[in-house]
Every structure is written in structure tokens, then in C-alpha cells.
Amino acid sequence: MSEWLCSECDKSMCLICRKGHKCKKSASKGPRDLFSLSIVSDSSDTDSDSSSHSVSNGNILRNVDIQPSAYGFAVEQTNTILVSFAHETVVRRFAGSEPNIIISPSIFHPVGIAIFPDDSVVITGFEKDNVTDVLLGCVKCFMPAGEEIWNFNTGYDIVPMRVCVLGNDLICLSYSNNHFVDVRLKDGNVVGKYNGNESDDDESFTPVDMCIGSYSNRPVVLVTDSYSDTIHMISYAAEFVGLVLRSPVSGSSGLGEPGAIGCDSDGKLWVGQRDSNVISIFNICKYSNVMQ
């Protein structure tokens, strides 16, 4: 049986034991920052006839110097970049050498960022009451210049780490440490909640990042699951559709801790893998291993 080596504590174990491994060294460092892939350009440099392609040392088109406290980013249509800094409680726009603050410091700590079709910016994060020491997850929407449009509290004392825009009126939120995602309207009302496709184990599903894809001519939300090393497809009502990149024979996807995910204009799926530190590009049109 193949063995897996923990990159944090150097302990080797079988693939079955890996799922229950709790690394003390990793836990002592606190949660890792999980960046989102935001794909806007075409992928004409990849082989359109291949089902997958890995990138470990891609050509750098632009290097943006940001601070270690950055948590998430999104690329605007003008190719400027919005970056959230949760510890500093600000969001900066990087358009050149000097970034501009578009959301000023406040009690709101921004984490995940996504952009609606009308260019408004939706941001997940949390507010903390320093008197009662209570943390409350919340979502806010801003105009491109930084004026707040609407906001709502999630109703949980946990932080939605990622947000994905579903058309003009829906958003999908990811709660990695609490093993679920939910779909909401702009007023905060919950449309649906997804805890994974294993009804007898609601703590194994570990969603990291999300993007929009298409399956059987309908839009779906693609969610990376770092626990099962696969990608879940759910509907806009947060209902299970299928699993992508998972072999029906062995149950293995070939992915190693999939994290950030993005879909480009050619329909190719870009998946960041934290086990191997590579970005893999998959041709969605050739997916034949989708499990219902």
C-alpha cells in the first residue's frame, strides 16, 4: 500500500490513516491562509487535446508585492486586483506600484472576495466585539469605489472563508473548518446548505474554494474538498450533483489536497494542489469520470 508523508511533522502513514491524522505542528501554526484562484485570461498555451496539464513553474506575467497578512483576492475586469487584509481590516486595490485602500479600517475583518457581474464587490469576513469578545461572521457588498451597498450577518460565530458569486442574486459561502457550504440571497436568507455527500459522516467534507462550472448544460458550483481529495458539484440550491475527478474503481482522484480552484473562458478547470505545490489544468469537456 502506498504511504503518505506529512509535510509538517515528517510522519509517514498509509493513505487510510492519513485521513485521521491530526498534525500537532500544523495545528500550532494556526490555520493556513487559503488563496483563491481567479482566472480571467484564456489558456491558449495549454494543449487542448489533453485532458489535464500541470504547471509548476509558469511564466510570470506580473508580480504583485503584497504583505503576508493578505487573505484573499479577486481580479476585476480592468485587470486590477483587490486584496483583503484581515488583520489590518482593509481592502486594497493593486493597479500599479502603489496600492489604494478602497475599504478603510473598521471592526470588519475582510477575508474572501468575489465580484458580481455589475462590478460590485462582495466580501466575507467577521466582526469582533472587543467588549464581549464575540466573533460574528458577516458578508458585505461594496461599490467599486468602496461605498457599502448592503450587508448581513451569517448567524454563525464562524467565519465564511470563501465566497462565490452565482449570477446576479445568489452567493455561495464556504465554512472550511465547520464542514459545509451554503447558498444565500443578497438579504442573507439561506437557499440551501450542503454538508457533503456522505450522510453518515458530516465532518469529513472540508470545502476550501469554489467556482462556477457547467455540467449537462446547466450551471453548477464546483467545490474542492481537501479531505477526500476530490471536487464536488452542487446545484445553485446547494444540492449534490456529482463528484469530479474521482475514479469509480479506486475512489482516488489523483489530486493531492485540492485547494484553490478557477474556471477560465475556454472551459478549462484550474486546480491548486497543496500536496505537490502545482496547479493542474483539466479539460472539463472530456470529463467522463463523474460519479452521480
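Going by the structure above, here's the rest.
So, a few notes on the structure that sits alongside this text. (Residues numbered from 1 in each chain as written. Predicted model: local features only at pLDDT ≥ 70, side-chain atom pairs only at ≥ 80, totals over all residues. Heavy atoms only, no water.)

**Some remarks on the overall build of the protein**
The condition is simple: Comment: elements are numbered from the N terminus, with helices defined as DSSP H or I runs of at least four residues and strands as E runs of at least two. Burial classes follow relative accessibility: with a 1.4 Å probe on protein chains only, a residue under 20% of its type's maximum area counts as buried, one over 50% as exposed, and anything between as partly exposed. Contacts are assigned to residue pairs with any non-hydrogen atoms lying within 4.5 Å of each other. For accessible areas, the Shrake-Rupley method is used with a probe of radius 1.4 Å. Any residue's cover is judged against the shown protein chains and nothing else.
From N to C terminus, the protein includes two helices and 22 strands. The buried share of the protein, reckoned over its 292 residues, is 47%. Long-range pairs, those at least 24 residues apart, make up 42% of the contacts in the protein with a sequence separation of at least 6. Accessible area for the protein stands at about 15,000 Å²; split by element, carbon and sulfur atoms hold 49% of it.

**Thoughts on the sheet that holds strand β16 (residues 207–215)**
Keep this limit in mind: Only strands joined by at least two bridges in the DSSP assignment are considered to pair. Helix axes use the C-alpha atoms of the stretch in contact, all axes being lines fitted to C-alpha atoms, and the angles between their N-to-C directions lie in the range 0 to 180 degrees.
Strands sit in the order β16-β17-β18-β19 across an open sheet of four strands; the sheet is antiparallel. Whereas interior strands pair on both sides, the edge strands pair on one side only; in this sheet they are β16 and β19 (240–244). Pairwise comparison of adjacent strand axes, ignoring direction, gives a mean angle of 30° for this sheet. The pairing of strand β17 (residues 218–225) with strand β18 (residues 230–234) spans five bridges and is classified as antiparallel. Opposite Thr224, over in β18, you have Ile231 as the bridge partner.

**A look at the pairing of strand β9 (residues 121–129)**
Relative to β9, strand β8 (residues 108–115) is paired through six bridges, and the arrangement is antiparallel. Of the residues in β9, the one forming a bridge with Phe108 is Glu127. Hairpin connection from β8 to β9: five residues lie between these consecutive antiparallel strands, with Asp119 at a positive phi of about 75°. Across nine bridges, the pairing between β9 and strand β10 (residues 134–142) is antiparallel. Its bridge partner being in β10, Val121 is matched across the sheet by Phe142.

**Some points on the pattern of salt bridges**
We count it as follows: The salt bridge definition used is simple: a Lys or Arg side-chain nitrogen within 4 Å of an Asp or Glu carboxyl oxygen.
For the structure shown, the criterion picks out four salt bridges. Across the pair Arg93 and Glu76 runs a salt bridge, and its minimum N-O distance is 2.8 Å. Placement of the pair is Arg93 in strand β6 (residues 90–94) and Glu76 in the loop between β4 (70–75) and β5 (81–85), with a sequence separation of 17 residues. Both residues of the pair, Arg93 and Glu76, belong to the buried class.

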